[in-house]
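# Inside the fold
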Amino acid sequence: MVPDAGMLCIDADTRLYAVLGNPVGHSLSPVMHNAAFRQTGHNGVYVALNVTDLPGAVAGIRALGVRGCSVTIPFKVEVMDHLDHVDPMARKIGAVNTIVNDAGRLYGFNSDAPGAMAALLEKTPVIRRRVAVIGAGGAARALAHGIAEHGGQLTIVNRSQDRGRRLASQLECDFFPLADFSGVGCDILINTTSVGMAPHTDQMPVGHACLRPGMTVMDIVYNPLETRLLGAARQAGCTVVNGVAMFVHQGAFQFERWTGKKAPVQLMKQTVLDVLGKKQVYKENERHD
């Protein structure tokens, strides 16, 4: 039985989806995906699974016929060794955050890169823009590959020079130490670190002097919705892109891979905003964009 839109009906035909991680108690993926399932009439349910044994969890996906999974910290790299096929872009990035179960064969994808680029391209073109990516972790790798694919002129900016130079070397792009970064010549600034995430909301990855009118500033942190970096960027006359946009777009990529249906992106976004309790702030921000 297929449920009506707006109704959650679990029966013998319900397809199971999950997010695998540790911890996962903070995840907004279940509320977002379940709202999308209800809206589109897809007979599925999405749950959060706190995983302590990744090989066992992947075996469980096969054995139980779980149709699709999101993968989050700390398993995005390790999970690649347990899949039947890894998408070439995910292999290049070095991380998988999306699993599709096709008749027992597990396929891995990375939705962070397309999700981030969809969010960014809503606000600015990337081609021939000078883009500084702060960070050198998995999210930075995904963003950097997306920027390069869309023709951006990439610079990696990182506190640890060894990690930053290593990533820049792999991507064949420039590197700049975070301590020396001034923002001069930068068209787009993207923070991929956790600096500014709750509860440390008073922190910024760069100083106010790095922010200039006309820049686009993106922060992948989505709690709080407007980080201190984005607040300062808005005051400086920058266009801002919040972390909810990337989170929702990467989720939309997953939804479409799993269901073959077009994702209800606006509903997914509003669902996340409602949970964060930031709806009014979001509306005020949109009016000033």
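Our subject is the structure that appears above.
About the cut-offs
- Residues numbered from 1 in each chain as written.
- Predicted model: local features only at pLDDT ≥ 70, side-chain atom pairs only at ≥ 80, totals over all residues.
- Heavy atoms only, no water.
- Helix = DSSP H or I, 4+ residues; strand = E, 2+ residues; numbered from the N terminus.
- Buried < 20%, exposed > 50% of the residue type's maximum accessible area, 1.4 Å probe, protein only.
- Contact = heavy atoms within 4.5 Å.
- Areas by Shrake-Rupley, 256 points an atom, 1.4 Å probe, with all protein chains shown as cover.
- Lys, Arg positive; Asp, Glu negative; His and termini not counted.
- Charge placed at Lys NZ, Arg CZ, Asp CG, Glu CD.
- Axes fitted to C-alpha atoms, helices over the stretch in contact; angles between N-to-C directions.
- Parallel < 35°, antiparallel > 145°, perpendicular 65-115°, else oblique.
- Left-handed = near helix turned anticlockwise from the far one by under 90°.
- Nonpolar A, V, L, I, M, F, W, Y, C, P; charged D, E, K, R; others polar.
- Salt bridge = Lys/Arg side-chain N within 4 Å of Asp/Glu carboxyl O.
- Disulfide = S-S within 2.5 Å.
- Pairing = 2+ DSSP bridges.

A few words now on the overall build of the protein. Within the protein, the regular secondary structure consists of ten helices and twelve strands. A principal-axis box enclosing the C-alpha atoms of the protein has dimensions of 60 × 40 × 35 Å. Residues classed as buried in the protein amount to 52% of the 289 residues present. A separation of at least 24 residues holds for 64% of the contacts in the protein among residues at least 6 apart in sequence. Per element, the accessible surface of the protein, about 13,100 Å² overall, is 50% carbon and sulfur. For the protein, the distance from the average site of its 28 positive side-chain charges to the average site of its 25 negative ones is 3 Å.

Our focus in this paragraph is the packing of helix α1 (residues 29–40) against helix α9 (residues 265–276). Interhelical geometry of α1 versus α9 gives an angle of 140° and a closest axis separation of 9 Å. Classed by the angle they form, the pair α1 and α9 counts as oblique. Of the two elements, α1 crosses α9, and the hand of that crossing is right-handed. For the pair α1 and α9, the contacting residues are V31, M32, H33, A35, A36 and Q39 in the first and L267, M268, T271, V272 and V275 in the second. Looking at side-chain class alone, the contact of α1 with α9 contains eight nonpolar, three polar and no charged residues.

On inspection of all chains with the given rule, the structure shows four salt bridges. D187 is paired through a salt bridge with R130; the nearest N and O atoms lie 3.1 Å apart. Pair noted here: D187 is in the loop between β9 (174–177) and β10 (188–191) and R130 is in strand β7 (residues 130–134), with a separation of 57 residues, a long-range link. The class for D187 is partly exposed, based on a relative accessible area of 22%. A relative accessible area of 41% means that R130 is categorised as partly exposed.

Next up on the list: the state of the cysteines. As enumerated under the stated definition, the model contains zero disulfides in all. A disulfide-free cysteine, C210 has its sulfur positioned 8.9 Å from the sulfur of C186, the nearest such atom.

Let us now look at the sheet that holds strand β2 (residues 44–50). An order of β2-β1-β3-β5-β6-β4 is seen for the six strands of this open sheet, with the pairing classed as mixed. Looking along the sheet, the strands with just one partner apiece sit at the ends: β2 and β4 (85–86). Bridge count between β4 and strand β6 (residues 105–109): two bridges; the pairing is parallel. Counted as the bridge partner of H85 is Y107 from β6. The strands that helix α2 (residues 54–64) touches are β1 (15–21), β3 (68–71), β5 (98–102) and β6; relative to β6, the one it contacts most, it runs at about 125°. Sitting on the sheet, helix α8 (residues 243–259) is in contact with β1, β2, β3, β5 and β6, with an inclination near 5° to β5.

The strand order β9-β8-β7-β10-β11-β12 describes an open sheet built from six strands, whose pairing is parallel. Sheet topology places β9 and β12 (239–241) at the edges, where each strand pairs with a single neighbour. Put simply, the sheet's adjacent strands are angled 20° from each other on average, direction ignored. When β7 meets β10, the two strands line up parallel, connected through four bridges. Directly across from V131, in β10, lies its bridge partner I188. Strand contacts of helix α5 (residues 138–149): β7, β8 (153–158) and β10, with the helix running at about 165° to β8, the strand carrying the most contacts.

What is shown is where atoms sit, not what they do.
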